[in-house]
Amino acid sequence: PGFSFNSGKLQLLQSEESQQGSGYGFRLEELRAARCSSGPEDADGVSGPDLHPGELTASASGSTSVELAAPLSVNVTLEKEVAGFWVKVPCLEELGSCHYEDACDILSQLIPPGQDCPEPLHTYGLPCHCPFKAGSYSLPQSDFTLPTMDLPYWLSNGNYRMQGVLGAEGKELGCLKLSLSLHSD
């Protein structure tokens, strides 16, 4: 494949508000990320405190041997564990097991062209718009502010696993697997 996720770390820091229990939000009990071709022993995992609005620290690295340009499709498969079985979550309101025709278009809607990339991407010169040139990208350990999020009722409590496949011109460019455990307040 042309794109490779090398590593990632996530450290959750409790804000004073989350330590007191703000009454909303959810708890991310576990998060693991791995390349699709790697085994479970290659996955990085973390356990964390309540994930309420507040601060989060993360780092990641990846590389691409090809330019990533529009249209850049993404196929997401999301599964939830139900009574010991993995059940595919359908695509509802653009969430779940969905096919996104062009991730570049989605990025342009989130961050309009001509607008600077949000921090800390801007500080480290990391792109947030297509095309992404071939090369290596690295986000050193950085702090983010986590906004208030309302999760859909069907995406609340439980264990999930997700696979995202990046593609262009009918070819798979890369793949990433995530597994996580969520519990709502």
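Each value, and the rule that gives it
Residues numbered from 1 in each chain as written. Predicted model: local features only at pLDDT ≥ 70, side-chain atom pairs only at ≥ 80, totals over all residues. Heavy atoms only, no water. pLDDT = per-residue confidence, 0-100. Contact = heavy atoms within 4.5 Å. Helix = DSSP H or I, 4+ residues; strand = E, 2+ residues; numbered from the N terminus. Polar contact = N/O pair within 3.5 Å; in protein donor to acceptor, adjacent residues only side chain to side chain. Buried < 20%, exposed > 50% of the residue type's maximum accessible area, 1.4 Å probe, protein only. Lys, Arg positive; Asp, Glu negative; His and termini not counted. Salt bridge = Lys/Arg side-chain N within 4 Å of Asp/Glu carboxyl O.

K.L.:
I tried to follow the confidence of the model for the protein chain on my own but got confused; where do I start?
P.N.:
When pLDDT is low, close inspection of the predicted coordinates is not appropriate. Residues with a pLDDT of 70 or more make up 64% of the protein chain, whose mean pLDDT is 74. Overall, residues 7–24 carries pLDDT values under 50, and its contacts beyond four positions in sequence, including any with other chains, amount to 39 contacts. In the model, residues 38–53 has pLDDT below 50 throughout and makes 44 contacts with residues more than four positions away in sequence or in other chains.

K.L.:
How do you make sense of the environment of N75 when you look at a structure like this?
P.N.:
For N75, the position within the fold is in strand β6 (residues 73–82). When the C-alpha atoms of N75 and Q163 are compared, they prove to be 8.0 Å apart, with 88 residues separating the residues in sequence. Aside from chain neighbours lying at most four places away, what touches N75 is C98, H99, Q163, G164 and V165. In terms of polar contacts, N75 uses its side chain to reach the side chain of H99, at 2.4 Å.

K.L.:
Please explain the side chain of D102 as it appears in this structure.
P.N.:
By the element assignment, D102 lies in the loop between β8 (99–100) and α2 (103–110). Within the buried set, D102 has no salt-bridge partner at all; the shortest N-O distance to an opposite charge, 17 Å, is to K171. Engagement of the side chain of D102 in a polar contact is seen with the backbone nitrogen of C104, the distance being 3.0 Å.

K.L.:
I'm lost on the environment of C104 in this one. Help?
P.N.:
Positionally, C104 belongs in helix α2. Assessed through its relative accessible area of 6%, C104 is described here as buried. Between the C-alpha atom of C104 and that of C128, which follows or precedes it by 24 residues, the distance is 9.1 Å. When sequence neighbours within four positions are dropped, the list of residues in contact with C104 reads A69, A70, L72 and C130.

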